[in-house]
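Single-letter residue listing:
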Amino acid sequence: MRLHIDWTACDGRGVCTELLTEMLTEDDWGFPVLRNGDTVPPPLDGAARRAVDRCPMLALRLVT
Ligand code: SF4
């Protein structure tokens, strides 16, 4: 799976970066930045799904 961020929808409040710290960090404005690409390692599947489910702007999506 890959994690897709819709930049037109994201408001940069950083919920996802708190829930998925292994994959995401924040830039200077609070917007998420992928640490090492968008591929979700299998052990992080659950955390990635939680981040997607809790994004208030529906800006995150998992793509297979
Ligand atoms: S939780 Fe959603 S809206 Fe908030 S920073 Fe992450 S992608 Fe953007």
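Values in this document were obtained by computation on a predicted structure and should not be read as measured data.

Here we take up helix H2 (residues 45-54). Among all positions of H2, only Ala 47, Ala 48, Ala 51 and Val 52 are buried. Angularly, the buried residues of H2 cover 140 degrees about the axis, an arc narrow enough to put them on a single face. Facing away from the buried side of H2 by over 90 degrees, the exposed positions are Arg 50, Asp 53 and Arg 54. In this structure, the buried side of H2 is in contact with strand S1 (2-5), helix H1 (15-19) and strand S4 (60-63).

The next thing to look at is the site of the ligand. Looking at the ligand, there are 13 residues lining it, with Cys 10, Asp 11, Gly 14, Cys 16 and Cys 55 nearest. Among the residues making up the shell around the ligand, the classes are represented as nine nonpolar, two polar and two charged.

Conventions we followed
Residues numbered from 1 in each chain as written. Predicted model: local features only at pLDDT ≥ 70, side-chain atom pairs only at ≥ 80, totals over all residues. Heavy atoms only, no water. Buried < 20%, exposed > 50% of the residue type's maximum accessible area, 1.4 Å probe, protein only. Helix = DSSP H or I, 4+ residues; strand = E, 2+ residues; numbered from the N terminus. Arc of directions from axis to C-beta. Contact = heavy atoms within 4.5 Å. Near = heavy atom within 4 Å. Nonpolar A, V, L, I, M, F, W, Y, C, P; charged D, E, K, R; others polar.

Remember that the coordinates give geometry; whether it matters functionally is a separate question.
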